[in-house]
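Structure at a glance
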Amino acid sequence: MVFRQGTLGTCFYVIQQGAVEIKVEGEATKTLKVNEGFGELALLYEIERPSTASALEKCGFWIIDRVSFREAVEEVVIG
C-alpha cells in the first residue's frame, strides 16, 4: 500500500521500478508503470487522497514532499 483513499496527501510519487494500481471506491481505474507519477491532486488542491495506490509488485519511487512539489508547480506556472 502506497496510500489509502481519504488520507492526507504529503508526497508526490514517480515510479522508478515496478507497477502501481490506482483504485477509487475499491474499483481499479488504472495501472501506472515506470516513469509515471501520481499523488498530485491531494497536493495541488489540499484535499484528502481521492484514490488508493497499491504496489502490484516490488516498487521503487522518487518521492517529492508537499512543499517542494508546490514550489516546483508555482515556478512552472508563474515563471
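Above this text you will find the structure in question.
Residues numbered from 1 in each chain as written. Predicted model: local features only at pLDDT ≥ 70, side-chain atom pairs only at ≥ 80, totals over all residues. Heavy atoms only, no water.

1. Brief notes about the environment of Ser 51
Looking at the secondary structure, you find Ser 51 in the loop between α1 (40-45) and β5 (52-55). The exposure class assigned to Ser 51 is buried, which follows from its relative accessible area of 12%. On a C-alpha basis, the gap between Ser 51 and Phe 3 in space is 8.2 Å, while along the polypeptide they are 48 residues apart. Other than its neighbours up to four places away in sequence, Ser 51 contacts Phe 3, Arg 4, Gln 5, Ile 22, Lys 23 and Val 24. (Helix = DSSP H or I, 4+ residues; strand = E, 2+ residues; numbered from the N terminus. Buried < 20%, exposed > 50% of the residue type's maximum accessible area, 1.4 Å probe, protein only. Contact = heavy atoms within 4.5 Å.)

2. What about the side chain of Ser 54?
Note on placement: Ser 54 falls in strand β5. Given the relative accessible area of 18%, Ser 54 is considered buried. Here Ser 54 is in contact with Met 1, Val 2, Ala 19, Val 20 and Glu 21, once residues within four sequence places are set aside.

3. What about a negative patch on the surface?
On the surface, Asp 65, Glu 71, Glu 74 and Glu 75 cluster together into a patch of negative charge. In terms of residues, the negative patch owes the most to one element, helix α2 (residues 66-78), which gives 3 residues. Note on placement: Glu 71 falls in helix α2. (Patch = residues over 30% accessible without salt bridge, like charges linked within 9 Å, V, L, I, M, F, W, Y side chains within 5 Å. Areas by Shrake-Rupley, 256 points an atom, 1.4 Å probe, with all protein chains shown as cover. Salt bridge = Lys/Arg side-chain N within 4 Å of Asp/Glu carboxyl O. Lys, Arg positive; Asp, Glu negative; His and termini not counted. Charge placed at Lys NZ, Arg CZ, Asp CG, Glu CD.)

4. Quick word on the sheet that holds strand β2 (residues 20-24)
The strand order β3-β2-β5 describes an open sheet built from 3 strands, whose pairing is antiparallel. Looking along the sheet, the strands with just one partner apiece sit at the ends: β3 (27-32) and β5. Shown here is a sheet whose adjacent strand axes are inclined to one another by a mean of 30 degrees, direction ignored. Relative to β3, β2 is paired through 5 bridges, and the arrangement is antiparallel. Bridged to Lys 23 within β3 is Ala 28. (Pairing = 2+ DSSP bridges. Axes fitted to C-alpha atoms, helices over the stretch in contact; angles between N-to-C directions.)

5. A word on unusual backbone geometry
Although it is not a glycine, Asn 35 sits at a positive phi angle of roughly 75 degrees. Relative to the elements of secondary structure, Asn 35 occurs in the loop between β3 and β4 (37-38). Taking the relative accessible area as the measure of exposure, Asn 35 reaches 65% and is therefore exposed. One non-glycine residue, Glu 46, lies in the positive phi region at around 50 degrees. Its location among the elements puts Glu 46 in the loop between α1 and β5. We classify Glu 46 as exposed; its relative accessible area is 55%.

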